[in-house]
Amino acid sequence: MVGKQIYNNAKELLLPVLCNWWRARKAKKAQDDLYTRWEQDYDLGTMPDLGLFDEYLEMVIQYGFVTLFVAAFPLAPLFALINNIIEIRLDAYKFISQWRRPMAERAQDIGVWWGILQAVTNVAVLTNGFIIAFTSDFVPKQVYKYTDDSTYVHEEGTLENYINSSLSVFYTKDFEQDTAPANNKSDIFGNVTECKYRDYREYKDGAYKPTLHYWYILAIRLAFVIVFEHAVFLFVNVITFVIPDTPYEVKVQILRENYLAKEALFSSK
């Protein structure tokens, strides 16, 4: 994400400057070094045919990186903030000194981009919920702390013996052919008959199958995703209700302007 931001900023800054320099160089040669101000303005770059599409696309992609994977990379919002501070100044320089003044067009809002941002937000909530539930030990630790595990005695609310409870036993006699270590260092470790690995499995009916605890943890993880998703959306809805898009004072002024416009229209008739 950081590398893409640096590349985009460098391209947005250097490309218009180089194009304008090349056009100015050709114009000076053609007109005997007489290069008036209006001609310099005319030779500036023009806004792309798609308008602000690239600018919106860049921000939406950055928003996707920040929201979809923030649980995996918590520093993403910080890098996005730094990038946006720099981006504001670069865009201001580009619009003011490197591009011709674009034709103004009225727009009610940002259009389809609003729907795209909402879709990314909804997917991001689910993505982060699954990342927290399935790629971290948060759920297994909470289950171990607040449930009774008869295999390993521990005080409720603590993680005593948690590591042992999260390990499964593998018997070295079950190594497949040509998969056992060539040198098991028996002179150091002695005759090792079993080892442990991270999982909830047990040897049963000639195979290592998930234990009942495995399915219990899986069910809790799925339940956590559902609770997490509902909690986030509830929080968002509360914030949206408490902080409206249009302040009350602005709404009153808009209604007043509409009333005065209708009154002026009726009085003129």
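Definitions and cut-offs
- Every chain begins its residue count from 1, and numbering advances along the sequence as written.
- Predicted model: local features are reported for residues with pLDDT of at least 70 only, side-chain atom pairs are reported and counted for 80 or more only, and whole-chain, interface and lining totals are derived from all residues.
- Only heavy atoms go into the side-chain values, all of them from the structure, while hydrogens and water stay out.
- Accessible area is worked out with a 1.4 Å probe on protein chains only. A residue is then buried under 20% of its type maximum, exposed over 50%, and partly exposed in between.
- The secondary structure listing takes helices from DSSP runs of H or I that are at least 4 residues long and strands from runs of E that are at least 2 residues long, numbered from the N terminus.
- We call two residues contacting when some pair of their heavy atoms lies within 4.5 Å.
- Axis geometry follows a simple rule: fit a line to the C-alpha atoms, using only the stretch in contact for helices, then measure angles between N-to-C directions, giving values from 0 to 180 degrees.
- Our angle categories are set so that under 35 degrees counts as roughly parallel, over 145 as roughly antiparallel, 65 to 115 as roughly perpendicular, and the remainder as oblique.
- The crossing is said to be left-handed when, going from far helix to near helix, the turn is anticlockwise and less than a right angle, and right-handed when the turn is clockwise.
- Each residue is assigned to one of three groups, with Ala, Val, Leu, Ile, Met, Phe, Trp, Tyr, Cys and Pro labelled nonpolar, Asp, Glu, Lys and Arg labelled charged, and all others, Gly among them, labelled polar.
- For the purposes of this section, nonpolar cores are sets of buried Ala, Val, Leu, Ile, Met, Phe, Trp, Tyr and Cys residues that join through side-chain atoms within 4.5 Å.
- Any two of the Phe, Tyr and Trp rings considered here, Trp counted by its six-membered ring, make a pair once their centres fall within 6.5 Å; the pair's planes then place it as stacked at under 30 degrees, edge-to-face at over 60, or tilted in between.
- Consider the ring centre and the ring normal. A charge sits over the ring if Lys NZ or Arg CZ is within 6 Å of that centre and within 35 degrees of that normal.

This next bit is on helix α6 (residues 138–146). What α6 keeps buried is the set V139, P140, V143, Y144 and K145. Looking at the buried side of α6, the elements it contacts are α5 (112–134), α7 (162–165) and α9 (212–242).

For the rest of this paragraph, the subject is the packing of helix α3 (residues 53–68) against α5. One can describe the packing of α3 onto α5 by two numbers: an axis separation of 8 Å at closest approach and a directional angle of 15 degrees. Our classification of the angle between α3 and α5 gives roughly parallel. Read as a crossing pair, α3 and α5 show a hand that is right-handed. Across the interface between the two elements, F53, Y56, L57, V60, Y63, G64, T67 and L68 of α3 pack against W113, I116, L117, V120, T121, V123, A124, T127, N128 and I131 of α5. Partitioned by chemical class, the residues of the contact of α3 with α5 number 13 nonpolar, 5 polar and no charged.

The subject of this paragraph is the nonpolar core. Judged by nonpolar contacts, A133, V139, V143, Y144, Y162, Y200, I217, F224 and V225 together constitute the single largest core of 9 residues. Contributions of two or more residues to this core are made by α6 and α9. Excluding its chain neighbours within four sequence positions, the residues that come into contact with Y200 are P140, Y162, S165, S166, S168, K209, P210, T211, H213, Y214 and I217.

What follows concerns the packing of α5 against α9. Interaxial distance between α5 and α9 falls to 9 Å at its minimum, and their mutual angle equals 145 degrees. Pair α5 / α9 crosses with right-handed handedness. Each of N122, V125, L126, N128, G129, F130, I132, A133 and F134 in α5 lies in contact with α9, whose residues at this interface are L218, R221, L222, F224, V225, F228, E229, V232 and F233. Looking at side-chain class alone, the contact of α5 with α9 contains 13 nonpolar, 3 polar and 2 charged residues.

Further remarks concern the packing of aromatic side chains. Overall, the coordinates contain 11 aromatic pairs when judged by the stated rule. Between F73 and F79, the aromatic rings sit 6.0 Å apart at their centres with planes inclined by 15 degrees, giving stacked as the arrangement. Given a relative accessible area of 29%, F79 falls into the partly exposed group. In this structure an aromatic cluster arises from ring pairing among F170, Y171, F175, Y203 and Y208. Between the NZ or CZ atom of K173 and the centre of the ring of Y203, over which it lies, the distance is 5.3 Å.

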